[in-house]
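Residue strings, one per chain:
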Amino acid sequence: MTYDKVRNPLGFYSASPLPDPVALSKFYAESYFQNAVSSTYSTEYDDIELAYKRLKSEALVELAFEHNPPPGVFVDIGAGEGFLMKAAHQRGCQIAGADFSTFGVNSFHPELVEYLSAGDVFDFLERSATENRQFAICSAINILEHVIDPFRLMALLKKILVKQGVALLTVPNDYSRLQTQLLAAGEIDREFWFAPPQHLHYFNTENLTAFCEAQGSKVLDMVADFPVDLFLLNPAANYIMKPDVGKNAHIARMKTDLLIVKHGYKKYLEYYRAMAAVGLGRDFTVVLKAADGS
């Protein structure tokens, strides 16, 4: 299928046409999770990759705690391999998770499977809202860009948060100023980040706040992650034009983060707040709470 992109009045882009739910479910069931290139799941990681995954998860838990969430359960929507659930559990949180399958958690954190609900995450959210099951912290890490209806996801997240609860929302930083500059200068030959049906919506540090506020959420904080796209400014390290150097770019990203965090998670988050403030970072995370305080 050929996809175009359309710009929402709130500033973000969406793929057009959007797939119907049956077709999208079939894609994920038959293609996405079986494709090692597109899937986030793996069977094993080396030591540096494991350390990096733990770092990223522990930083997110620290970020949530900096905003003083009330006591309660930390739920991870799209729990993947369970690294974030594990980090929250180690910080003393009660935990829950939801994911398309138990494969990832079973592979890396089998002791956490009892806390995981397998199946469609929207079903989990709808059921939790119907049963008035609420959570103190809700994370949705790289989920918003995948779903057909991001407005519905935001409404459900708001319903399942307790009063003064916080949500962590991570998305790729797409159609950023850096990407636009790279494309205009001919340093990349295509919009490599535009990848439907895997990604259906495209947010960046300049438009996600407007989207969240329009859904009745207040943005408390924003942090980026390593701006790996900066490698594209160097012809020798341009992993889009020279795909064989991509692995080295990822290794450099991991080594840099593991170096920065030696100064502690608070300094690590300060560093990446500054990155977000100038629109840099391959992904970025916002911390939200209900604008009306409920």
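Values in this document were obtained by computation on a predicted structure and should not be read as measured data. (Residues numbered from 1 in each chain as written. Predicted model: local features only at pLDDT ≥ 70, side-chain atom pairs only at ≥ 80, totals over all residues. Heavy atoms only, no water.)

A. Summary view of the packing of helix α5 (residues 121–130) against helix α6 (residues 150–160). Relative orientation of the contacting elements α5 and α6 amounts to 40°, with a least axis distance of 9 Å. Classified by the angle their axes make, α5 and α6 are oblique. In this structure, the crossing between α5 and α6 has a hand that is left-handed. Contacts between α5 and α6 involve Phe122, Leu125, Glu126, Ser128 and Ala129 from the first element and Arg152, Leu153, Leu156, Leu157, Lys159 and Ile160 from the second. (Axes fitted to C-alpha atoms, helices over the stretch in contact; angles between N-to-C directions. Helix = DSSP H or I, 4+ residues; strand = E, 2+ residues; numbered from the N terminus. Parallel < 35°, antiparallel > 145°, perpendicular 65-115°, else oblique. Left-handed = near helix turned anticlockwise from the far one by under 90°. Contact = heavy atoms within 4.5 Å.)

B. Just the environment of Asp174, in detail. The residue Asp174 is located in the loop between β7 (161–172) and α7 (177–184) in this model. Excluding residues that lie within four positions of it along the chain, Asp174 makes contacts with Gln179, Trp193, Tyr202, Phe203, Asn204 and Arg282.

C. Here's a closer look at the sheet that holds strand β8 (residues 201–202). Taken in spatial order, the three strands make up an open sheet running β1-β2-β8, and their pairing is antiparallel. Two strands close off the open sheet at either side, each with one partner strand: β1 (4–7) and β8. Strand direction decides the pairing type here: strand β2 (residues 13–16) and β8, joined by two bridges, are antiparallel. In the sheet register, Tyr13 faces β8, and the bridge partner there is Tyr202. (Pairing = 2+ DSSP bridges.)

D. Just unusual backbone geometry, in detail. The amide bond that connects Ser16 to the next residue, Pro17, takes the cis arrangement and shows omega of 0°. You can see Pro17 is positioned in the loop between β2 and α1 (21–30).

E. The arrangement of helix α3 (residues 83–90) in detail. Among the residues making up α3, those that are buried are Phe83, Leu84, Met85, Ala87 and Ala88. Against α2 (47–65), β3 (73–77), β4 (94–99), α4 (103–108), β5 (116–118) and β6 (135–141) lie the buried residues of α3. Looking at the residues trailing α3, positive phi occurs at Gly92, about 95°. (Buried < 20%, exposed > 50% of the residue type's maximum accessible area, 1.4 Å probe, protein only.)

F. Here's a closer look at empty space enclosed by the protein. Evaluation of the coordinates by the stated rule reveals three cavities of 30 Å³ or more. Taken as a whole, the largest cavity holds about 60 Å³ of empty space. For the largest cavity, the full set of lining residues is Met154, Leu157, Lys158, Leu161, Ala167, Ser217, Leu288, Lys289 and Ala290. Looking at the lining of the largest cavity, the elements with two or more residues in it are α6, β7 and β10 (283–290). Its residues assigned to classes, the lining of the largest cavity comprises six nonpolar, one polar and two charged. Of the voids in this model, the second largest cavity is the one considered here, and its volume is about 50 Å³. (1 Å grid on protein atoms, 1.4 Å probe; cavity = no way out; pocket = protein on both sides within 12 Å on 5 of 7 lines; lining within 4 Å. Points joined across faces, edges and corners; volume = space filled by probe spheres on them. Nonpolar A, V, L, I, M, F, W, Y, C, P; charged D, E, K, R; others polar.)

G. Just the confidence of the model for the chain, in detail. With 94% of its residues at a pLDDT of 70 or more, the chain shows a mean pLDDT of 94. Counting interchain partners and residues more than four positions distant, the pLDDT-below-50 stretch residues 36–40 has seven contacts. (pLDDT = per-residue confidence, 0-100.)

H. A look at the side chain of Asp229. Checked against the element boundaries, Asp229 lands in the loop between β9 (217–224) and α9 (246–260). Of the residues examined, Asp229 reaches a relative accessible area of 4% and is grouped as buried. At 3.3 Å, the side chain of Asp229 and the side chain of Gln179 are in polar contact. For Asp229, the side chain forms a polar contact with the side chain of Tyr239, separated by 2.8 Å. Contact partners of Asp229, with chain neighbours within four places excluded, come to Leu178, Gln179, Leu182, Phe192, Tyr239 and Arg282. (Polar contact = N/O pair within 3.5 Å; in protein donor to acceptor, adjacent residues only side chain to side chain.)

I. Structural detail: the packing of aromatic side chains. As enumerated under the stated definition, the model contains 17 aromatic pairs in all. Between the aromatic rings of Phe12 and Phe211, the centroid separation amounts to 5.4 Å while the plane-to-plane angle is 80°, which identifies the pairing as edge-to-face. Of the two residues, Phe12 is situated in the loop between β1 and β2 and Phe211 in helix α8 (residues 208–214); the sequence distance between them amounts to 199 residues. When sorted by exposure, Phe12 lands in the same class as Phe211, which is buried. An aromatic cluster is defined as three or more aromatic residues linked by ring pairs; in this entry it consists of Tyr13, Tyr175, Phe192, Trp193, Phe194 and Tyr202. (Phe/Tyr/Trp six-rings, centres within 6.5 Å; stacked < 30°, edge-to-face > 60°.)

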